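Read off the chains here:
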Amino acid sequence: MSVIKLSKGRDSSLLRRHPWIFSGAIDSVDGEPAPGDTVTVEDSRGKTLGVAAWSPTSQIRARMWSFDTEAVIDAGFIHERLRRAIARRAGLLSATRTACRLVYAESDGFPGLIVDRYGDYLSCQFLSAGAEFWRDTIVAALAELSPCRGIYERSDVTVRKHEGLAQRQGLIHGEEPPALVQIQEQDRLFMVSIQQGHKTGYYLDQFDNRSLVQRMSAGKRVLNCFSYTGGFGIAALKGGATHVTNVDSSGPALELAGENLALNDFGPEQADLVQANVFEYLRELKNKNMSYDLIVLDPPKFAETKHQFKKAARAYKDIALQAAQLLGSGGTLVNFSCSGAIDPALFQKITADALLDAGRDGRITHYLHQAEDHPVALPFPEALYLKGLVCVLD
Ligand code: SAH
């Protein structure tokens, strides 16, 4: 097995069990490891720290499999890691919750692997050279550990380029999922397109937050910005909202939102579907003197990297400011950011600045984050990406 030796003073994050080894931290490589090969990791004095998956093209040159210096990375190891990840979610799936994340990458000791269950199907992404290397073993283990009709791959994402991997999508086990798979989240029903939806098909990370919005919506007029397939809108209607306006720039997402409304027995008189750019549409609504009781802002990741955080901060501030102007006294802003590069404290500051500039005061009643099937491994705080604030305005 090849051995990588870290430079002097570059092992501190690893000693805290952070799983990433950046290229700049490596002093020497003994051997010629191929992408995904298991390598032994040593500190600058030659003491073994553990084993990692090698990724020669990525800035994250290796990702730790284990800090157990005796660990052997083989089919048995992969199987056991997956078994544990799935066992951690054993209590989550039920007759009334048929979708959840089963494997969340580094947080489950499985760098680069995402596995989501949607009803009888699994949808997965292989995002690192290590996950790619073990793909067939992973698929066989998943089929055994989480019985399903089919496993579909959605590795059609640009991050694979950093790992020297081409984008890929298609069936990898069992039967092709139907064009739409129905899932249930408590009393909410959704159709999910595993083949064409965002990410692996749907935003499972907002599960608890949709339930919260449902509880807060009775009697309210709701504006659901960046609605995707209608998640928060349907939650609001289930919770007794009098009307929901769903806004998204994607035609296919709104088409599916329409199907999801019908599936939950809501008619067109209860919900609008508006195809628009939220930045412009919020201004249009203000010009029309519209007002709402509750507004959800759940935009896409505005900051892909730390370098973009200023531009992203301006975008988050802009929509929060515009939304605040559409809320009356006692109105509720549910404001999210899924940019890992924007930390919770900064997001709170952006939100507070936006409300200040809008001339509004209020209080934060809830601090929100991604659902429990997207946990944050203690040594890997980067796993926290979704943040939300519920602000009730004076
Ligand atoms: N709230 C959703 C997930 C939102 S994902 C849920 O719970 O399922 C972000 C959505 O924003 C995507 O559907 C994308 O199509 C949409 N989007 C991205 N930029 C946009 C823009 N400028 N205006 C409107 N929608 C946009």
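Preceding this paragraph is the structure being described.
A short tour of the structure in this document, coming up. (Residues numbered from 1 in each chain as written. Predicted model: local features only at pLDDT ≥ 70, side-chain atom pairs only at ≥ 80, totals over all residues. Heavy atoms only, no water.)

## Quick word on the sheet that holds strand E9 (residues 121-126)
Note the cut-off: When DSSP finds at least two bridges between two strands, those strands are taken to pair. In this text, helices come from DSSP runs of H or I with a minimum length of four residues, and strands from runs of E with a minimum of two, each type numbered from the N-terminal end. Here, axes are lines fitted to C-alpha atoms. For helices the fit covers the stretch in contact, and angles between N-to-C directions go from 0 to 180 degrees. Here a residue-residue contact requires only that any non-hydrogen atoms of the pair lie within 4.5 Å.
What the five strands build is an open sheet, ordered E7-E8-E9-E10-E11; its pairing is mixed. Strands at the two margins of the open sheet, each flanked by one partner only, are strand E7 (99-104) and strand E11 (168-174). Strand after strand, the sheet turns through a mean of 20 degrees between neighbouring axes, direction not considered. As paired strands, E7 and strand E8 (residues 113-118) are joined by five bridges and run antiparallel to one another. Opposite Ala99, over in E8, you have Tyr118 as the bridge partner. In this fold helix H4 (residues 135-145) packs onto E8, E9, strand E10 (150-155) and E11, with an angle of close to 45 degrees to the strand it touches most, E11.

## Overview of the sheet that holds strand E2 (residues 20-22)
Strand order across the open sheet formed by six strands is E2-E6-E5-E4-E1-E3, with mixed pairing between neighbours. Across the chains shown, the open sheet's two edge strands, defined by having one partner strand only, are E2 and strand E3 (26-30). Across the sheet, the axes of successive neighbouring strands diverge by a mean angle of 35 degrees, strand direction being ignored. Relative to E3, strand E1 (residues 3-6) runs antiparallel, the two sharing four bridges. Counted as the bridge partner of Lys5 is Ser28 from E3.

## Focus on the pairing of strand E17 (residues 292-297)
Rules: Working definition: with a 1.4 Å probe on protein chains only, accessible area under 20% of the residue-type maximum means buried, over 50% means exposed, and in between means partly exposed. Clockwise travel from the first strand over the helix to the second, with the strands pointing away from the viewer, marks a crossover as right-handed.
Counting buried positions along E17 yields five of six residues, so the element is predominantly enclosed. In the sheet, strand E14 (residues 221-225) pairs with E17 via four bridges, with the strands oriented parallel. Counterpart to Leu223 in the pairing with E17 is Ile295. In terms of strand pairing, E17 meets strand E18 (residues 327-337) through five bridges, oriented parallel. Counted as the bridge partner of Leu297 is Asn335 from E18. Crossover E17 to E18 through helix H9 (residues 309-324) is right-handed.

## Digging into the site of the ligand
Put simply, the rule is: The cutoff for a nearby residue is simple: one of its non-hydrogen atoms must lie within 4 Å of the molecule or strand. For the purposes of these results, a polar contact is taken to be a pair of N or O atoms within 3.5 Å, where, inside protein, one atom must be able to donate a hydrogen and its partner to accept one; residues adjacent in sequence count only when each atom of the pair is a side-chain atom. Residues are grouped as follows: nonpolar covers Ala, Val, Leu, Ile, Met, Phe, Trp, Tyr, Cys and Pro; charged covers Asp, Glu, Lys and Arg; every other residue, Gly included, is treated as polar.
The ligand sits among 16 residues. The nearest are Arg210, Asp248, Ser249, Val278 and Asp298. The separation between a nitrogen atom of the ligand and a polar side-chain atom of Asn277 is 3.1 Å. For the shell around the ligand, the residue count by class is eight nonpolar, five polar and three charged.

## Digging into the packing of helix H2 (residues 75-88) against H4
We count it as follows: These descriptions rest on fixed angle ranges, namely under 35 degrees for roughly parallel, over 145 for roughly antiparallel, 65 to 115 for roughly perpendicular, and the rest for oblique. Left-handed describes a crossing whose near helix is turned anticlockwise from the far helix by less than a right angle; the clockwise case is right-handed.
H4 packs onto H2 with a crossing angle of 45 degrees between their chain directions and a minimal axis gap of 9 Å. On the basis of the axis angle, H2 is oblique to H4. In the packing of H2 onto H4, the handedness of the crossing is right-handed. Within the contact between the two elements, H2 uses Ala75, Ile78, His79, Leu82, Arg83 and Ile86 and H4 uses Thr137, Ile138, Ala141, Leu142, Glu144 and Leu145.

## A look at the pattern of salt bridges
Just so we agree on the cut-off: We count a salt bridge whenever a side-chain nitrogen from Lys or Arg sits within 4 Å of a carboxyl oxygen from Asp or Glu.
Counted by the stated rule, this structure contains 24 salt bridges. Put simply, Asp108 and Arg89 hold a salt bridge, and the shortest N to O gap is 2.8 Å. Taken together, the residues span a long stretch of sequence, with Asp108 in the loop between E7 and E8 and Arg89 in the loop between H2 and E7 at a distance of 19 residues. Of the two residues, Asp108 and Arg89, both sit in the buried class. Its salt-bridge partner being Lys349, residue Asp353 comes within 3.1 Å of it at the nearest N-O pair. Of the two residues, Asp353 and Lys349 are both situated in helix H10 (residues 344-357); the distance of four residues between them amounts to about one turn of the helix. Judged by relative accessible area, Asp353 falls into the partly exposed class, the value being 27%. One salt-bridge network, held together by shared partners, links Glu132, Arg135, Glu153, Arg160 and Arg168.

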